[in-house]
Amino acid sequence: MNILDVKHLTKEFGKFTAVNDISFSIPQGVCFGLLGPNGAGKTTTIEIIEGIIPATSGDIRFNGTPITRDFNQHAGIQFQQTSLPDYLSTVEILSLFRSFYTNPLSENELIALCDLGEFTNTYATRLSGGQRQRLLLALALINDPSIIFLDEPTTGLDPQSRRRFWQLINRVKEQGKTVLLTTHYMEEASFLCDELIIMDHGQIIAQGTPDRLLLDHFDSSYISLNYSSGITREIINSSSIDPESVTWLEEKCLIFSAHIHDTIRTLIDLNVQLNDIQIQHASLEDLFLKLTGHSLRE
Amino acid sequence: MKSFIALLVARNKEFYRDKGSLAWAVLFPVMAIIGCTLVFSSEQNTLFSVGVLNDASTEQAPLLQQPFIKPIGYTTTDKALQRVKQHQLHAFVDVAKNTVWVNVQSSQGSVIKQLSAAHMPSFSVKETTGKAIRYIDWVLPGILGMNIMFGALFGVGYVIVRYRKNGVLKRLNATPVTAMQFLSAQIVSRLLIILTANTAIFIAAIVLLDLTMIGSYVSLFIVSVLGGFALVSIGLIISSRTDSEELAGGLLNLLTWPMMFLSGVWFSLDAAPTWLQALTDVFPLTHLINASRDIMLNGATLIDVTYECTVLGVMSIVFLAIGAYLFRWNH
């Protein structure tokens, strides 16, 4: 059963097409990722689904029926950038937002769920970046929604706050809620997402589970060797290693191989020093690079 | 209703915790009053202001032709006489009845009596009495009105534009809150703030300055609410679409400055050209100040100021409807 179905969604701003005929479905209870660089159309897509901006064309269904104004009683929303009322404390903001819904969670439940205990009486303006995001997550959860939209929730956070936020999202997932998350951090997507689509220039360029996507696009791992190991083009050319499978970078070379064991044996036979050898599997970052030809944070 | 109350309480908390705007709301009118008291305490008039009915033929009253006399037109005898009683006019010439009214309690009363006898011997002189209205008594309704205007326009206008700019409105739009709940909470919160501040200033003026207050407090309160409502609604229109504080600030200044000078806050418009008086009728502040001044200085009742109250009521409804219609959560 899909909680959300998006079909042929298009959004044009004048002559600029921000979202170009995309379709996807989100099964109940998964964490679904929308990945892509800035300007890929992620935020536009998520805000159309949330009902904040109208679509140019396309069909969106929540539990099989078209979305109505009533949707915001069932959805939890965290925008990319939201300011909170300046002179209200955490607990006052919670109680303000609770008043908008018919069956809100209690303040104490929200404080426990999102680890807000240490700053319940602090004004919004004095919260740290991580605390703010946790409070905004609590606001998204206030109506006990079945689906939660998180638009780049950890952008700008330090690594520690980011990890802490991920734990909260996992906690939310354990409650059986569906999460739709946009991010441009590949690490975040691989840590949190059960399924994802990769977007670029308003279109979906890949879709699937993180593992499946990597398997489909990369049949090999790669060996990374510094030049201090003595590796040269001549050595490779004289060996059984296919020169086409080697990428020569400034400080190191990468040897892609579906048979790592055999390749390492060949390198040993060639007397290459393997003390600083690194063997890596392709990441979502590599996948993105391969699919788009440009880096994710460009 | 639950959402409305929560929004109202939240907005009030935000206001009184923001020490800057709180200080401004109280300090500004206090400074204006102190300034007026100091600047105008030794006011000297070299001219004699003499009232005359608009439709009277001034040729028959030679006094009015004299270079040291400044004739000021009035529509009714009552209004002109009231000004004489309060020492705001030196005399009133009733041409049709060949009568000159002077206030014998005024220091210039006897001078104007002699001038009248010299220039218009055929006119009989009638005497009236009345305590002088000090400038501070006269200007305070204006300052209170001006305070309502600034509080209403900038308070509501700026706050909504800032909310839109920093995304608070966008976040609220993603909740089931309706625009009507949000806007009415803003309006009521702002009215409460304005009326509280004005009440404090009013009480202080009564206690410290022995302010003249002849009419009913309830009438004054009702007129203040109506005026505040009309002005807040204009603030809603200004802030209905933009997310630029600069644009909103410019528009608000464009509205408040003409009102501050042309609505009779600082000086009476009795002597202004008719076209200017007609123009100032479009400002809600003019009606607010006229009505409250009439209540405070002349003891007018709500029935006496029906015209002003009606205009303010109609303006409130029209501006509110336009503001609510134009309102957008997002830019």
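Because the structure is predicted, anything quoted here is derived from the model rather than measured.

Participant: Just to check I follow, could you spell out the overall build of chain A for this structure?
Facilitator: Within chain A, the regular secondary structure consists of 10 helices and 14 strands. Along the first, second and third principal axes, the C-alpha atoms of chain A reach 75 × 45 × 35 Å. The burial tally for chain A puts 38% of its 298 residues in the buried class. Long-range contacts, defined as pairs at least 24 residues apart, comprise 72% of the intrachain contacts of chain A with a sequence gap of at least 6.

Participant: Mind showing me how you'd approach the overall build of chain B here?
Facilitator: The helix and strand inventory of chain B stands at 12 helices and five strands. Counting only C-alpha atoms, chain B reaches 80 × 40 × 35 Å along its principal axes. Scored against the burial criterion, the 331 residues of chain B give a buried share of 43%. Counting contacts in chain B only where the partners sit at least 6 residues apart, residues at least 24 apart contribute 75% of the total.

Participant: Explain the interface of chain A and chain B to me, please; I cannot follow it from the model alone.
Facilitator: Reports of interface size often rely on the accessible area that becomes lost once the parts have come together. At the junction of the two partners, chain A supplies 21 residues and chain B supplies 18 residues. Class assignment for the residues of the side of chain A that touches chain B results in 11 nonpolar, seven polar and three charged.

Participant: Explain helix H5 (residues 159-174) of chain A to me, please; I cannot follow it from the model alone.
Facilitator: Residues three or four positions apart in an α-helix share a direction because the helix packs 3.6 residues into each turn. With 16 residues, H5(A) should reach 22 Å at 1.5 Å per residue; the first-to-last C-alpha distance of 23 Å fits that figure. Close packing links the buried residues of H5(A) with helix H4 (129-141), strand E7 (147-151), strand E8 (178-183) and helix H6 (186-192) of chain A.

Participant: Whenever I open this one, the sheet that holds strand E1 (residues 2-13) of chain A confuses me. Can you help?
Facilitator: Remark on secondary structure: sheet strands pair via backbone hydrogen bonds, oriented parallel or antiparallel. Residue and element names in this part refer to chain A. In space, the four strands of this open sheet follow the order E2-E1-E4-E5, with antiparallel pairing throughout. Whereas interior strands pair on both sides, the edge strands pair on one side only; in this sheet they are strand E2 (16-27) and strand E5 (65-66). Relative to E2, E1 runs antiparallel, the two being bridged by eight bridges. Bridge pairing in E2 places Phe13 opposite Phe16. Sheet contacts for helix H1 (residues 42-50): E1, E2 and strand E4 (57-62); angle to E1, the most-contacted strand, approximately 120°.

Participant: For this particular structure, what's the right way to read the nonpolar core?
Facilitator: One recurring pattern in soluble globular proteins is that nonpolar side chains are buried together. In this structure, Ala138(A), Val179(A), Leu180(A), Leu181(A), Met149(B) and Leu153(B) are the most contacted members of the largest nonpolar core, which totals 136 residues. Among the elements that take part in this core, helix H5 (residues 135-166) of chain B stands out by supplying 17 residues, more than any other. Not counting residues up to four positions away in its chain, the partners in contact with Leu153(B) are Leu231(B), Ile234(B), Gly235(B), Leu252(B), Leu255(B) and Thr256(B). Ranked by size, the runner-up nonpolar core spans 18 residues in total, among them Leu81(B), Leu89(B), Ala91(B) and Val100(B).

Participant: How do you make sense of the environment of Ser292(B) when you look at a structure like this?
Facilitator: Residue and element names in this part refer to chain B. Assignment of secondary structure puts Ser292 in helix H11 (residues 284-298). On the basis of neighbour counts, which here come to 26 C-beta atoms within 10 Å, the residue Ser292 falls in the buried class. C-alpha of Ser292 to C-alpha of Ser224: the two residues are 68 residues apart in sequence and 7.7 Å apart in space. Setting aside its immediate chain neighbours within four residues, Ser292 contacts Pro141, Leu144, Gly145, Leu220, Val223 and Ser224.

Participant: How do you make sense of the pairing of strand E9 (residues 195-200) of chain A when you look at a structure like this?
Facilitator: Note on strand geometry: in a regular strand, side chains alternate between the two faces of the sheet. Residues and elements named next belong to chain A. Among the six residues that make up E9, five are buried, leaving the element largely enclosed by the rest of the structure. In this sheet, strand E10 (residues 203-208) lies alongside E9 in antiparallel orientation, the contact comprising five bridges. Paired with Met199 across the strands is Ile204, a residue of E10. Remark: two residues form the turn of the hairpin made by E9 and E10, two consecutive strands paired antiparallel; His201 in that turn has positive phi of roughly 50°.

Participant: What is the right way to look at the sheet that holds E10(A) in this model?
Facilitator: Residues and elements named next belong to chain A. The strand order across the open sheet built from six strands is E6-E7-E8-E3-E9-E10, with neighbouring strands paired in mixed fashion. Of all the strands in the sheet, the pair left with one neighbour each is strand E6 (75-78) and E10. Averaged over all pairs of adjacent strands, the angle between their axes in this sheet comes to 15°, without regard to strand direction. Contacts from H1 reach strand E3 (31-35), E6, E7, E8 and E9, with the element oriented near 150° to E7.

Participant: Would you mind going over the packing of H11(B) against helix H12 (residues 306-326) of chain B with me for this structure?
Facilitator: When two helices pack together, their arrangement is given by the angle between the helix axes and by the axis-to-axis distance. Residue and element names in this part refer to chain B. In the contact formed by H11 and H12, the axes pass within 9 Å of each other and the chain directions differ by 145°. Between H11 and H12 lies a crossing of left-handed hand. Of the residues in H12, those touching H11 at Pro284, His287, Leu288, Asn290 and Ala291 are Glu308, Cys309, Val311, Leu312 and Met315. The residue makeup of the contact of H11 with H12, split by class, is seven nonpolar, two polar and one charged.

Participant: Just to check I follow, could you spell out unusual backbone geometry for this structure?
Facilitator: Positive phi is not limited to glycine here, since His201(A) has a value of about 50°. Along the chain, His201(A) turns up in the loop between E9 and E10. According to the C-beta neighbour criterion, His201(A) is partly exposed, with 15 such atoms within 10 Å. Residues other than glycine seldom take positive phi values, yet His87(B) does so here, at roughly 65°. Locating His87(B) in the fold gives a position in the loop between helix H3 (77-85) and strand E3 (91-94).

Participant: Would you mind showing me how to read the confidence of the model for chain B here?
Facilitator: Any segment with low pLDDT has predicted coordinates that should not be analysed in fine detail. Per-residue confidence for chain B gives a mean pLDDT of 86; residues scoring 70 or more make up 97%. Per the prediction output, this complex has pTM 0.76; the corresponding ipTM is 0.78.

Participant: What's the story with the packing of H5(B) against H11(B) in this structure? I'm lost.
Facilitator: Residue and element names in this part refer to chain B. Relative to each other, H5 and H11 sit at 140°, their axes nearing to 9 Å. Classified by chirality, the crossing of H11 by H5 is right-handed. In this structure, H5 uses Asp137, Trp138, Pro141, Gly142, Leu144, Gly145, Ile148 and Met149 to contact H11, whose residues at the interface are Leu285, Leu288, Ile289, Ser292, Arg293, Met296 and Leu297. For the contact of H5 with H11, a count of residues per class yields 10 nonpolar, three polar and two charged.

Thresholds applied
- Residues numbered from 1 in each chain as written.
- Chains lettered and ligands numbered in written order.
- Predicted model: local features only at pLDDT ≥ 70, side-chain atom pairs only at ≥ 80, totals over all residues.
- Helix = DSSP H or I, 4+ residues; strand = E, 2+ residues; numbered from the N terminus.
- Buried ≥ 20, exposed ≤ 12 C-beta atoms within 10 Å, placed from the backbone.
- Contact = placed C-beta atoms within 7 Å.
- Nonpolar A, V, L, I, M, F, W, Y, C, P; charged D, E, K, R; others polar.
- Expected span 1.5 Å × (residues − 1).
- Pairing = 2+ DSSP bridges.
- Axes fitted to C-alpha atoms, helices over the stretch in contact; angles between N-to-C directions.
- Core = buried A, V, L, I, M, F, W, Y, C linked by C-beta atoms within 7 Å.
- Left-handed = near helix turned anticlockwise from the far one by under 90°.
- pLDDT = per-residue confidence, 0-100.

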